[in-house]
Amino acid sequence: MKRVHGIGVGPGNGEYITVKGYKLIKQADVVFIPKSSTESFAGKIAKDYLEGKKVIELDFPMDGSGREKYARAAAVLDKELKEGESGVFLTLGDPMVYSTFCYLMEELTKLGIVVETVPGVTSFLAAANRVKMPIALKEESFYLCDGEPDEKVLRSADTVCILKTYKNKEKILDILEKHGFEYVYVKRCTCEDEQLLSARDEIIKDTDYMSLIIGRRKLA
Ligand SMILES: C[S@@+](CC[C@H](N)C(=O)[O-])C[C@H]1O[C@@H](n2cnc3c(N)ncnc32)[C@H](O)[C@@H]1O
């Protein structure tokens, strides 16, 4: 039997990896990380725990078609992991939140590999804590999305967090202002180069992929 744990390594600072995740990384026969044109962000977060480990990069080409690229990555993982061995796949934040691992685990399961996951500190929870903005108080709702928020959903939310804001920030800020939300742009949360911005023009100028916008309905 082969076993793989998807480990959420948190938002950026290695100290946010859970003890459970750390132990599984240390015990793993092989560590898998998503391939990147620069350095893998998940690999960088966990780098202090990877010394002496066999690390394999899995490629998920941006232009590759959906299911096929995950099936190909799963086949590489299957080949690298011997019968009886266990591996970990490192993923940014939490494995169940906008994560490649959700697609990969389906393909691994089809190959008969046993899959488990370990939660991680998500980017939006890390950001809420840095900004000291409650995600939800009694009887409130929270809306998480990527890209442009759906205005119908936003109407019933008290707090919102938008991931992958790099494409259309101006539109996102227009929507938040129209619906009476105050907001903060959080870039590279918990990393050494973390930035918190609230001025509209500064937010629009920035193009970092590792950024999000967290907003809360202003009190009437
Ligand atoms: C593919 S999603 C991964 C989300 C991740 N699984 C999680 O639990 O937060 C990538 C997006 O997460 C957000 N993100 C991840 N890490 C971040 C960080 N340290 N600071 C700000 N945003 C971050 C950004 O919006 C980025 O575009």
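Predicted model only: the values in this text are computed from it and were never measured. (Residues numbered from 1 in each chain as written. Predicted model: local features only at pLDDT ≥ 70, side-chain atom pairs only at ≥ 80, totals over all residues. Heavy atoms only, no water.)

1. With respect to the site of the ligand
(1) Moving on: Taken together, 17 residues lie around the ligand, and Pro 11, Leu 92, Val 97, Ser 123 and Ser 211 are the ones closest in.
(2) Moving on: Within the contact set of the ligand, a nitrogen atom lies 2.7 Å away from a backbone nitrogen or oxygen of Pro 11.
(3) Moving on: A distance of 2.7 Å is found between an oxygen atom of the ligand and a side-chain nitrogen or oxygen belonging to Ser 123.
(4) Moving on: Isolated, the ligand exposes 570 Å² of accessible area, and the fraction of that covered by the protein chains is 96%. (Near = heavy atom within 4 Å. Polar contact = N/O pair within 3.5 Å; in protein donor to acceptor, adjacent residues only side chain to side chain. Areas by Shrake-Rupley, 256 points an atom, 1.4 Å probe, with all protein chains shown as cover.)

2. A look at the pattern of salt bridges
(1) Moving on: For the coordinates displayed, the defined rule picks out 14 salt bridges.
(2) Moving on: One salt bridge connects Asp 206 with Lys 187, and the closest N-O pair in it is separated by 2.7 Å. On the criterion of sequence distance, the pair formed by Asp 206 in the loop between helix 8 (200-205) and strand 10 (211-217) and Lys 187 in strand 8 (residues 181-187) is long-range, its members being 19 residues apart.
(3) Moving on: The salt bridge involving Arg 188 is made with Asp 208; its shortest N-O contact spans 2.8 Å. Within this pair, whereas Arg 188 is found in the loop between strand 8 and strand 9 (195-197), its partner Asp 208 is found in the loop between helix 8 and strand 10, the two being separated by 20 residues in sequence. (Salt bridge = Lys/Arg side-chain N within 4 Å of Asp/Glu carboxyl O. Helix = DSSP H or I, 4+ residues; strand = E, 2+ residues; numbered from the N terminus.)

3. With respect to the nonpolar core
(1) Moving on: Of all hydrophobic cores here, the largest spans 19 residues; its most connected members are Ile 7, Val 9, Ile 25, Val 31, Ala 46, Val 88 and Leu 90.
(2) Moving on: For this core, the element with the highest residue contribution is helix 2 (residues 41-45), accounting for three residues.
(3) Moving on: The contacts of Val 9, once residues within four sequence positions are left out, are Ile 17, Ala 42, Ile 45, Ala 46, Leu 90, Thr 91, Leu 92 and Gly 93. (Core = buried A, V, L, I, M, F, W, Y, C linked by side-chain atoms within 4.5 Å. Buried < 20%, exposed > 50% of the residue type's maximum accessible area, 1.4 Å probe, protein only. Contact = heavy atoms within 4.5 Å.)

4. Focus on the pairing of strand 3 (residues 55-58)
(1) Moving on: Of the two faces of strand 3, only the one carrying Ile 56 and Leu 58 is buried; Val 55 and Glu 57 on the other face are not.
(2) Moving on: Here strand 2 (residues 30-34) runs beside strand 3; their pairing, made up of four bridges, is parallel. Note that in strand 3 the partner of Ile 33 across the bridge is Glu 57. (Pairing = 2+ DSSP bridges.)

5. Comments concerning the packing of helix 3 (residues 66-80) against helix 4 (residues 100-110)
Packed helix pairs are specified by the crossing angle of their axes together with the interaxial distance, meaning the distance between the axes.
(1) Moving on: With their axes 8 Å apart at the nearest point, helix 3 and helix 4 run at an angle of 60° to one another. Accordingly, the angle class assigned to the pair helix 3 and helix 4 is oblique. Relative to helix 4, helix 3 is oriented so that their crossing is right-handed. Contacts from Arg 67, Tyr 70, Ala 71, Ala 73, Ala 74 and Leu 77 of helix 3 reach helix 4 at Thr 100, Tyr 103, Leu 104, Glu 106, Glu 107, Leu 108 and Lys 110.
(2) Moving on: Classifying every residue of the contact of helix 3 with helix 4 by side-chain character gives eight nonpolar, one polar and four charged. (Axes fitted to C-alpha atoms, helices over the stretch in contact; angles between N-to-C directions. Parallel < 35°, antiparallel > 145°, perpendicular 65-115°, else oblique. Left-handed = near helix turned anticlockwise from the far one by under 90°. Nonpolar A, V, L, I, M, F, W, Y, C, P; charged D, E, K, R; others polar.)

6. Focus on the domain arrangement of the chain
(1) Moving on: Structurally, the chain comprises domain 1 (3-118) and domain 2 (123-217).
(2) Moving on: Relative placement of domain 1 and domain 2: their C-alpha centres are 27 Å apart.
(3) Moving on: Across the contact, eight residues belong to domain 1 and twelve residues belong to domain 2.
(4) Moving on: Looking at the side of domain 1 facing domain 2, the largest losses of area belong to Pro 11, Phe 41 and Tyr 98, adding up to 63% of the total buried there.
(5) Moving on: If you look at where domain 1 meets domain 2, you find zero salt bridges.
(6) Moving on: Looking at the side of domain 1 that touches domain 2 residue by residue, the classes come out as six nonpolar, two polar and no charged. (Domains from an automatic or database assignment. Buried area = accessible area lost by both parts, 1.4 Å probe.)

7. So, helix 4
(1) Moving on: Looking at helix 4, one finds that the buried residues are Phe 101, Leu 104, Glu 107 and Leu 108. Angularly, the buried residues of helix 4 cover 125° about the axis, an arc narrow enough to put them on a single face.
(2) Moving on: For helix 4, the secondary structure elements touched by its buried residues are strand 1 (3-8), strand 3, helix 3, strand 4 (86-91) and strand 5 (114-118).
(3) Moving on: Backbone nitrogen of Phe 101 and a side-chain oxygen of the N-cap are separated by 3.0 Å at the start of helix 4; the cap is Ser 99. (Arc of directions from axis to C-beta.)

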